[in-house]
Amino acid sequence: MSSSHTSPATPHEGRRKDDGSRNPFVAIGLFVRQVIAELKKVVIPTRKELAVYAVTVLMFVFVMILLVFGLDFVFGWLSRTTFVVPDSGL
């Protein structure tokens, strides 16, 4: 039987040279290179895009505040009408 997955004969053949190094400075250097490579991919939004994003976030937060306030009000009213004894002065 032949397998469609081919693996290296030894576990070290598929590795890059600096992946298995025990030298912490090599690992730190690799990390810094990867961070710099990722930072080069960052796109800074324009002033207009930033304003649109900020307004969108604030509107979403405002809607969520209203939703939580509404649910709190409804469940508070429901619990008061369900569990408070009538004519108790509360």
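Definitions and limits used
- Residues numbered from 1 in each chain as written.
- Predicted model: local features only at pLDDT ≥ 70, side-chain atom pairs only at ≥ 80, totals over all residues.
- Heavy atoms only, no water.
- Helix = DSSP H or I, 4+ residues; strand = E, 2+ residues; numbered from the N terminus.
- Buried < 20%, exposed > 50% of the residue type's maximum accessible area, 1.4 Å probe, protein only.
- Areas by Shrake-Rupley, 256 points an atom, 1.4 Å probe, with all protein chains shown as cover.
- Phe/Tyr/Trp six-rings, centres within 6.5 Å; stacked < 30°, edge-to-face > 60°.
- Expected span 1.5 Å × (residues − 1).
- Polar contact = N/O pair within 3.5 Å; in protein donor to acceptor, adjacent residues only side chain to side chain.

Observations concerning the overall build of the protein chain
- Helices and strands together make up the secondary structure of the protein chain, namely 2 helices and 0 strands.
- Residues counted as buried form 2% of the 90 residues belonging to the protein chain.
- Accessible area for the protein chain stands at about 9,000 Å²; split by element, carbon and sulfur atoms hold 69% of it.

Some words on the packing of aromatic side chains
- One pass over the full model with this rule turns up 1 aromatic pair.
- Ring geometry for F69 and F73: centres 6.5 Å apart, planes at 25°, overall stacked. Residue F69 and its partner F73 are located together in helix α2 (residues 47–83), separated by 4 residues, close to a single helical turn. Neither F69 nor F73 differs from the other in exposure class; each is exposed.

Considering helix α1 (residues 24–39)
- End to end, α1 covers 22 Å across 16 residues, agreeing with the expected 22 Å (1.5 Å per residue, within 8%).
- Near the N-terminus of α1, the side chain that reaches the backbone nitrogen of F25, with its oxygen 3.1 Å away, is that of N23.

Fair warning: the whole summary comes from geometry, so function is off the table for now.
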